[in-house]
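Tertiary structure, described
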Amino acid sequence: MPDFVGAVDQGTTSTRFMIFDREGAEVAKFQFEHEQIMPRAGWVEHNPIEIWTRTAAVIQTTLQRSGLHDSDLAAIGLTNQRETTVVWDRRTGRPYYNAIVWQDTRTDEIAAALDRDGRGQVIRDRTGLRPEAYFSGGKIQWILENVEGVREAAERGEAAFGTTDTWTLWNLTGGRNGGVHITDVTNASRTMLMDLDTLDWDDELLSFFGVPRAMLPEIRPSSDPSAYGTTFRYGPLGGEVPITAILGDQQAATVGQVCFSPGEAKNTYGTGNFLLLNTGTERVRSESGLLTTVAYKFGDQPAVFALEGSIAVTGSAVQWLRDQLGVITTAAQSETLARQVADNGGLYFVPAFSGLFAPYWRADARGAIVGLSRYNTSAHLARATLEAICYQSRDVVEAMQRDSGVVLDVLRVDGGVTANALCMQLQSDILGVPVSRPVVAETTALGAAYAAGLAVGYWRDQEELRSHWAEDRRWEPTWSPEQRERGYAGWKKAVSKSFDWL
Ligand code: ADP
């Protein structure tokens, strides 16, 4: 058995390749960003060719820098930004259109129409989701309706749909030279096209979006001892390594944080925030604006479900301060700037750039900065941006406690924003519970590696993985209960000001 396991993490802002050892420790990694294409307000696209060439480049660079080879890898796992939709020509490998990214709101109207008749309820019951622009179904419909020739090609079986796991897998396994067309249950559960009970595509759901079955990938377990395929010998690995796991990024982080028991939860702070609570093999229906989703399915064991609170804009609000407003030059400066002031100075920032996701689900909301006075500075805005990340998480934690009855005694966190110690302190203050960050902050890639390694027996079982988890740092609440409730009341009021904008 080779000594290491690899993981490709095809994220929203960048793609990375990581190599882990038997203790789950990071051995090597490299990453590249890709362009965020925003042709109109509310539209967000990626170039799938750029994503694939950068994926190939990060794999090659990681191997070169570490001196490792394909033969050192027991298996590879894939994890990915979820919902982002690619449709390509199987014969040429060329995408028909840019990838429509999960944050893109162009299909708001397609989603709203579903809720004006009974179809919305069918989607809720069968998929655990809500009819929203966020999910892939409407994005596929948009491409079928707006890009010439795609519908005919899809019906003939020439056009293939995939989220970026499937696109990456197809290319890694050879593309036009025999690439496999496969996704996993977690990614399929984000399309509005899969029935959570059967874990298969559902003809009635497909009919809602006019999606031909011939364009859809085969759905497989998230960790699969019968590998999806092997890397193409003439591809970036330079050899044949079994690919044995696919998990959507948030589900991968759940596995990386070893949330294997019902009641265990993690919150990932990246472009957006995603809190997932393991609910075991039982599907819990949300009454409070959360989603029901597949957490993972390992081999032929039953699927494990999660309740999910998805927040569209958290770390990307920090990017907005950097790229659009220019008040900071690096994301890390958000902390230095915010530390110049002791509080938010009455200012609240609701970054509803794509409407609001959980628990509000208001497509009609847009960003709002409220409570401004002449006194306020960019430091207050930076502070309010960090607080917005934490207040949105509190909204979701409250919804989760209502739906599940599980009261968190500690919040396990990961993701790029958790490098910001002030933000993590604010999170603990705003929630009133301790916040704990593990040593391996790259839990997304780690989770994909875990699932891949389990499939080939590189790791024995979930207990072995649990023994790897170690705390790096913990933040304890310092605010008084009155301060906490006053701050939260201000936030709720600010949120109400962002509604009814469109
Ligand atoms: P993704 O997987 O969604 O691409 P990452 O986990 O890589 O996201 O996190 C990237 C996000 O984290 C970016 O939106 C960036 O603005 C934010 N970020 C990174 N470092 C910091 C920091 N020190 N303070 C605040 N935000 C940060």
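Residue numbers here run from 1 along each chain, matching the order of that chain's written sequence. The predicted origin of the model limits local features to residues at a pLDDT of at least 70 and limits the giving and counting of side-chain atom pairs to 80 or more, whereas totals for whole chains, interfaces and linings rest on all residues. Just so you know, side-chain values use all the structure's heavy atoms and leave hydrogens and water out.

1. What to know about empty space enclosed by the protein
Empty space among the atoms becomes apparent when a probe as large as a water molecule is rolled across them. We place a 1 Å grid over just the protein atoms. Points where a 1.4 Å probe fits but has no way out form a cavity, open points with protein on both sides within 12 Å along at least 5 of 7 lines form a pocket, and any residue with an atom within 4 Å of a point lines it. Grid points are joined across faces, edges and corners, and a volume is the space filled by probe spheres set on the points. Here the structure, examined in full by the defined rule, presents 1 cavity of 30 Å³ or more. Under the grouping applied here, Gly and all other residues not named as nonpolar or charged are polar, the nonpolar ones being Ala, Val, Leu, Ile, Met, Phe, Trp, Tyr, Cys and Pro and the charged ones Asp, Glu, Lys and Arg. For the lining of the largest cavity, a count of residues per class yields 7 nonpolar, 3 polar and 4 charged.

2. Side note on the packing of aromatic side chains
Paired rings are identified among Phe, Tyr and Trp, the last through its six-membered ring, by centres lying within 6.5 Å, and are further divided according to the angle between planes into stacked (under 30 degrees), edge-to-face (over 60) and tilted (the rest). Tallied over the full model, the rule gives 25 aromatic pairs. With 5.2 Å between their ring centres and 55 degrees between their planes, Tyr 97 and Trp 142 make a pair best called tilted. Placement of Tyr 97 in the loop between strand 6 (86-89) and strand 7 (99-100) and of Trp 142 in helix 4 (residues 136-146) is noted, with a sequence separation of 45 residues between them. Take Trp 142: its relative accessible area is 13%, and that puts it in the buried class. Note on conventions: DSSP H or I runs of at least 4 residues are helices, E runs of at least 2 residues are strands, and numbering of each starts at the N terminus. Relative accessibility under 20% of the residue-type maximum defines a buried residue, over 50% an exposed one, and the middle range a partly exposed one, all with a 1.4 Å probe and only protein chains included.

3. Section: the site of the ligand
Close to the ligand lie 16 residues; Thr 13, Thr 271, Gly 315, Gly 416 and Asn 420 are nearest. Any N or O atom pair separated by 3.5 Å or less is treated as a polar contact, with the protein-specific requirement of one donor-capable and one acceptor-capable atom, and with residues adjacent in sequence counted only for side-chain atom pairs. Between a nitrogen atom of the ligand and a side-chain N or O atom of Ser 334, the distance comes to 3.5 Å. Contact between the ligand and Asn 420: a nitrogen atom at 3.0 Å from a side-chain N or O atom of the residue. What sets the accessible areas is the Shrake-Rupley method with a 1.4 Å probe; for residues, cover comes only from the shown protein chains. When the ligand sits alone it has 590 Å² of accessible area, and the protein chains cover 83% of it. Only heavy atoms are used to decide nearness, and a residue is near a molecule or strand if one of them lies within 4 Å of it.

4. Concerning the UniProt feature "binding site: glycerol" (unreviewed entry) in the protein
UniProt positions are given in the numbering used here, feature names are shortened, and annotations may be inferred rather than shown by experiment. According to UniProt, the positions carrying the feature "binding site: glycerol" (unreviewed entry) are Arg 82, Glu 83, Tyr 134, Asp 249 and Gln 250. Looking only at the residues we just named, the largest cavity is lined by Tyr 134. Mapped onto the elements of the fold, Glu 83 is located in the loop between strand 5 (73-80) and strand 6. Judged by its relative accessible area of 2%, Glu 83 is buried. Contact criterion: two residues are considered in contact whenever any of their non-hydrogen atoms come within 4.5 Å of each other. Those residues in contact with Glu 83, other than ones at most four positions away along the chain, are Ile 100, Trp 102, Tyr 134, Phe 135, Ser 136, Lys 139, Thr 163 and Arg 190.

5. A short note on the packing of helix 1 (residues 48-66) against helix 6 (residues 164-172)
Between helix 1 and helix 6, the shortest axis-to-axis distance is 11 Å and the interhelical angle comes to 60 degrees. Judged by the inter-axis angle, helix 1 sits oblique to helix 6. Along this stretch, helix 1 crosses helix 6, giving a crossing that reads as right-handed. Here Pro 48, Ile 49, Trp 52, Thr 55 and Ile 59 of helix 1 come into contact with helix 6, specifically with Trp 167, Thr 168, Asn 171 and Leu 172. Axis lines are fitted to C-alpha atoms, over the contacting stretch for helices. Their N-to-C directions set the angle, which ranges from 0 to 180 degrees. Put simply, angles under 35 degrees are roughly parallel, angles over 145 are roughly antiparallel, angles from 65 to 115 are roughly perpendicular, and the rest are oblique. Two helices that cross are described as forming a left-handed crossing if the nearer one is turned anticlockwise from the farther one by less than a right angle, and a right-handed crossing if clockwise.

6. Topic: the sheet that holds strand 15 (residues 265-269)
The criterion for strand pairing is that DSSP finds at least two bridges linking the strands in question. Strand order in the open sheet formed by 7 strands is 17-18-16-15-21-22-23, and the pairing between neighbours is mixed. Unpaired on one side and paired on the other, strand 17 (291-296) and strand 23 (471-475) mark the two borders of the sheet. Neighbour-to-neighbour, the strand axes of the sheet open up by a mean angle of 30 degrees, direction not taken into account. Two strands pair when backbone bridges link them, and strand 15 and strand 21 (residues 411-414) are joined in this way by 3 bridges, in the parallel orientation. Directly across from Asn 267, in strand 21, lies its bridge partner Val 413. With respect to the sheet, helix 12 (residues 378-404) is in contact with strand 15, strand 16 (273-280) and strand 18 (304-311), its orientation differing from that of strand 18 by roughly 145 degrees. Along the sheet, helix 13 (residues 421-431) contacts strand 15, strand 21, strand 22 (435-438) and strand 23; its crossing angle with strand 23, the most-contacted strand, is approximately 55 degrees.

7. Focus on the packing of helix 9 (residues 249-256) against helix 14 (residues 443-455)
Where helix 9 contacts helix 14, the two axes come as close as 7 Å, and the packing angle between them is 80 degrees. Here helix 9 is positioned roughly perpendicular relative to helix 14, judged by the angle of their axes. Contacts between helix 9 and helix 14 involve Asp 249, Ala 252, Ala 253, Val 255 and Gly 256 on the former and, on the latter, Thr 443, Thr 444, Leu 446, Gly 447, Ala 448 and Tyr 450. Split by residue class, the contact of helix 9 with helix 14 holds 6 nonpolar, 4 polar and 1 charged.

8. Comments concerning the sheet that holds strand 14 (residues 242-248)
The strands making up a sheet are joined through hydrogen bonds of the backbone, oriented either antiparallel or parallel. Pairing in this open sheet of 6 strands is mixed, and the strands run 3-2-1-5-14-13 from one edge to the other. Sheet topology places strand 3 (26-33) and strand 13 (229-230) at the edges, where each strand pairs with a single neighbour. Sitting on the sheet, helix 6 touches strand 1 (4-10), strand 5, strand 13 and strand 14, and the angle it makes with strand 5 is about 145 degrees.

9. Re the pattern of salt bridges
A pair is scored as a salt bridge if a Lys or Arg side-chain nitrogen falls within 4 Å of a carboxyl oxygen belonging to Asp or Glu. Enumeration over the complete set of coordinates arrives at 39 salt bridges. In this structure, Arg 54 and Glu 50 form a salt bridge, with 3.5 Å as the shortest nitrogen-oxygen distance. Placement of the pair is Arg 54 and Glu 50 together in helix 1, with a separation of 4 residues, close to one helical turn. Because the salt bridges share partners, they merge into one network encompassing Asp 9, Arg 16, Glu 26, Lys 29 and Glu 442.

10. Examining helix 6
A large share of helix 6 lies buried, amounting to 9 of its 9 residues. The complete set of buried residues in helix 6 reads Thr 164, Asp 165, Thr 166, Trp 167, Thr 168, Leu 169, Trp 170, Asn 171 and Leu 172. Just downstream of helix 6 lies Gly 174, where phi reads positive at about 125 degrees.

11. Digging into the layout of surface pockets
Taken as a whole, the largest pocket holds about 1000 Å³ of empty space. Along the wall of the largest pocket there are 47 residues; nearest its centre are Tyr 269, Gly 270, Gly 415, Gly 416 and Val 417. Only strand 2 (14-20), strand 3, helix 9, strand 15, helix 10 (315-325), helix 11 (333-338), strand 22 and helix 14 provide two or more residues apiece to the lining of the largest pocket. Of all the elements, helix 10 adds the most residues to the lining of the largest pocket, at 5 residues. Roughly 660 Å³ of internal volume is contained in the second largest pocket. Residue lining of the second largest pocket: 25 residues in total, with Met 38, Val 44, Gln 103, Gln 324 and Phe 353 positioned closest to the centre.

12. Digging into the environment of Gly 239
By secondary structure assignment, the location of Gly 239 is in the loop between strand 13 and strand 14. Put simply, Gly 239 and Arg 116 are 123 residues apart on the chain and 52 Å apart in space, counted from C-alpha to C-alpha. The residues contacting Gly 239, other than those within four sequence positions of it, are Asp 70, Thr 231, Phe 232 and Arg 233.

13. As for the UniProt feature "domain: Carbohydrate kinase FGGY N-terminal" (unreviewed entry) in the protein
The feature "domain: Carbohydrate kinase FGGY N-terminal" (unreviewed entry), as annotated in UniProt, sits at residues 6-256 in this numbering. Annotated as residues 6-256, this span is 32% helix and 24% strand, and its ends, taken at the C-alpha atoms, are 14 Å apart.

14. Things to note about the environment of Asp 108
Structurally, Asp 108 is set in helix 2 (residues 108-114). The exposure class of Asp 108 is partly exposed, given its relative accessible area of 24%. For the pair Asp 108 and Gly 42, spaced 66 residues apart in sequence, the C-alpha to C-alpha distance is 9.9 Å.

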